[in-house]
Amino acid sequence: MAERSPDPRPLAVPASRLARLGRLGSLTAGVAGNMALNGLAQVGQGQRPSMRNLLLTPRNIGKVADQLAQMRGAAMKMGQLISMDTGDVLPPELAQIMARLRDDAHIMPPAQLKQVLNTEWPKDWLRAFKRFDVRPIAAASIGQVHRAETKDGRELAIKVQYPGVSRSIDSDVSNVGAIIRMSGLLPKGFELGPYLEDAKRQLHAETDYMAEGAQMNRFADLLREMPEFVVPALQSDWTTPQILVMSFEAGAPIEDAATECQEMRDRIATRMIDLTLRELFEFGHMQTDPNFANYRYRAETGQIVLLDFGAAGEIEPVVVDQYRRLMQAGLAQEAGALTGLLDEIGLTGAQTVEAHRAQILRMIGMVFEALQQSPVYDFSDNSLSQRMQREGMALAEAGFVPPPLPMGYLLVQRKLGGVFLLAARLRARVDVLALLERYLGRPEGPADGS
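Because the structure is a prediction, the values reported are computed rather than measured.

In terms of nonpolar packing, the biggest core is built from 102 residues, with Trp121 and Ile158 touching the most fellow members. If you tally residues by element for this core, the top one is helix α10 (residues 262-283), at 10 residues.

Below, the structure written as structure tokens:
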């Protein structure tokens, strides 16, 4: 669940497909109108207008981001997925729109909120509550969260799904994809299709709050012997397919830990990386959305509160096995094993030219070499990420277009990237090698002839 903006505006969510389609139609028309006016003005000044410059004016960027944010659901999920997964690959203008969608959420007005609650809960439900805060404490792509207290003394967090989101997922995602493609800014060879399909799949799964409640219970069981993590307790008596009710768990945004002492920052990052590796290699079950807003921390106890299990699920054994062998080969510097695994996973294939394959192997080697250079990896040093970015851009400019990877692999990659990004935000120092060896064993060194 994403934190709401400091001063969100109450704005009704368009619930019907016709209303949502109308929003997209008016958006496209408005942007096109601005482009035409700006183009005429430039022609009048003796300039030759470019499509890119006409489209990406500050006014148009703001119009696109604002209209898509009002629709929540598909639009905001695309913002979360694309901005998190592609990083600096996107042009800055398109990245600006995606970041706005990730971070900016309007809230339902009280009347619309009441309508949803009245539909999902029994008549006179309010009599069971001592307090119900109409103003949400958080708002995200699927729903907004309210704090409440029942007369029997339970402090609750109540996630209420936006109306119409579940019925319009496929059309919304396709329409948002059309707008992104219209920009003409996607890098050459960038495959938007897998992201669109992933957004549809995730949105359909995340709109089933009963399923998310079951995942919450599953993680509570998995982490029962790990008191450093807190999972909210599901309140089944109030949960419905569109309202998820759990115990309210206090905590500060995990990014705020960046102001804590080095020891606290290191502890949080170490625990998050360890949990991710345990999810992958021990549980075979992972919460695959590493949005920072899904984690909070308690400075007084050092505990980490885990929120939002809509994107949680089983990781296929074949994916777990491939990741295990990939990391073992990387740590042991076994180039031959890595080459075979890249083909097995699908990152390379018979069509991959040798120069591209060698560059990919070099990039993988850079990561494991950096982890092995010193006992503790310093995430405040961004030299590795800068080198990887340069290598990646060079690879793209050389014409390498990666084939679509299995979605299970991409989900794990997103989680790993997210927790490493969090460690960088905290400027943490972590013995990553020791954590890897805990789940993979100690590497024996490169095999002969590799």
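Turning next to the pattern of salt bridges. Inspection of the entire model under this criterion finds 19 salt bridges. The salt bridge partner of Arg298 is Glu249, with a shortest N-O separation of 2.8 Å. Remark: Glu249 occurs in the loop between β6 (243-247) and β7 (252-253) and Arg298 occurs in the loop between β9 (295-297) and β10 (304-306); sequence separation between them is 49 residues. Looking at Arg298, the relative accessible area reads 16%, which means it is buried. Across the pair Glu279 and Lys415 runs a salt bridge whose closest N-O atoms are separated by 2.7 Å. In this pair, Glu279 is assigned in helix α10 and Lys415 in helix α15 (residues 407-425), connecting sequence segments 136 residues apart. Within the structure, one salt-bridge network assembled from shared partners comprises Arg131, Asp133, Arg147, Glu149 and Glu155.

Further remarks concern the sheet that holds β9. Spatial strand order, β5-β10-β9-β7: 4 strands in an open sheet with mixed pairing. The sheet is open, and its two borders are formed by β5 (229-230) and β7, each paired with just one other strand. Here α10 sits on the sheet and contacts β5, β9 and β10; the angle it forms with β10, its principal contact strand, is near 40°.

Once that is clear, we can look at the pairing of strand β4 (residues 155-161). Summarising burial for β4: 6 of the 7 residues are buried, a large majority. Here 7 bridges tie strand β3 (residues 143-150) to β4, and the two strands are oriented antiparallel to one another. Directly across from Val145, in β4, lies its bridge partner Lys159. Between β3 and β4, which pair antiparallel one after the other, the connecting turn spans 4 residues, and Gly153 there sits at a positive phi close to 95°. Pairing of β4 with β6, which is carried by 5 bridges, proceeds in the antiparallel orientation. Within β6, the residue paired with Leu156 across the bridge is Ser247.

Of all the positions in helix α6 (residues 110-120), only Gln112, Leu113, Val116 and Leu117 are classed as buried. The arc that holds every buried residue of α6, seen down its axis, measures 135°, which confines them to one face. Exposed and oriented more than 90 degrees from the buried face of α6 are Ala111, Lys114, Gln115 and Thr119. Buried residues along α6 sit against β1 (129-132), β3, β4 and β6.

A separate point is the confidence of the model for the protein chain. Of the residues in the protein chain, 71% reach a pLDDT of 70 or more, and the chain-wide mean stands at 78. Looking across the protein chain, the model is least confident in helix α2 (residues 51-55), with a mean pLDDT of 39, and most confident in β5, with 98. Predicted confidence is poor over residues 1-6, with pLDDT under 50, and the contacts of this stretch with residues over four places away or in other chains come to 26 contacts. Below a pLDDT of 50 lies the segment residues 84-90, which in the model reaches 15 contacts outside its immediate sequence neighbourhood of four places, other chains included.

For any two helices packed against each other, one specifies the crossing angle of their axes together with the interaxial distance. At a minimum axis distance of 10 Å, the contact between α10 and helix α16 (residues 432-440) shows a crossing angle of 20°. Between α10 and α16, the angle falls in the class roughly parallel. You can see that α10 and α16 cross each other, and the crossing is right-handed. Of the residues in α16, those in contact with Thr270, Ile273, Asp274, Leu277, Arg278, Phe281 and Glu282 of α10 are Val432, Leu435, Leu436, Arg438, Tyr439 and Leu440. The residue inventory of the contact of α10 with α16, partitioned by class, reads 8 nonpolar, 1 polar and 4 charged.

Put simply, helix α11 (residues 317-331) and helix α12 (residues 335-345) touch, their axes get as near as 9 Å, and they point 155° apart. Taken together, the axis directions place α11 and α12 in an arrangement best described as roughly antiparallel. Crossing hand, α11 versus α12: left-handed. The residues of α12 that touch α11, namely those facing Gln322, Arg325, Leu326, Ala329 and Gly330, are Ala337, Leu338, Leu341, Glu344 and Ile345. Looking at side-chain class alone, the contact of α11 with α12 contains 6 nonpolar, 2 polar and 2 charged residues.

Rules and cut-offs
The residue numbering used here restarts from 1 in each chain and proceeds along that chain's sequence as written. In keeping with the model being predicted, local features are shown solely for residues with a pLDDT of at least 70 and side-chain atom pairs are shown and tallied solely at 80 or more, while totals for entire chains, interfaces and linings include all residues. Computation of side-chain values covers all heavy atoms of the structure but excludes hydrogens and water. Buried Ala, Val, Leu, Ile, Met, Phe, Trp, Tyr and Cys residues form a nonpolar core when they are joined through side-chain atoms within 4.5 Å. Partly exposed describes any residue whose relative accessible area lies between the buried limit of under 20% and the exposed limit of over 50%, with all areas from a 1.4 Å probe on protein chains only and scaled to the type maximum. Secondary structure elements follow DSSP: runs of H or I no shorter than four residues count as helices, runs of E no shorter than two count as strands, and numbering proceeds from the N terminus. Definition used for salt bridges: Asp or Glu carboxyl oxygen within 4 Å of a side-chain nitrogen of Lys or Arg. Pairing between two strands requires that DSSP report at least two bridges joining them. Two residues qualify as a contact provided that any one of their heavy atoms is within 4.5 Å of a heavy atom in the partner residue. For helices, the fitted line uses only the C-alpha atoms of the stretch in contact; every axis is such a line through C-alpha atoms, and the angle between N-to-C directions lies from 0 to 180 degrees. This arc corresponds to the set of directions leading from the helix axis out to the C-beta atoms. Here pLDDT means the predictor's own confidence in every residue, given as a number from 0 to 100. For classification, angles of less than 35 degrees are called roughly parallel, those exceeding 145 degrees roughly antiparallel, those between 65 and 115 degrees roughly perpendicular, and all remaining angles oblique. Two helices that cross are described as forming a left-handed crossing if the nearer one is turned anticlockwise from the farther one by less than a right angle, and a right-handed crossing if clockwise. Polarity classes work like this: nonpolar for Ala, Val, Leu, Ile, Met, Phe, Trp, Tyr, Cys and Pro, charged for Asp, Glu, Lys and Arg, and polar for all others, with Gly in that last group.

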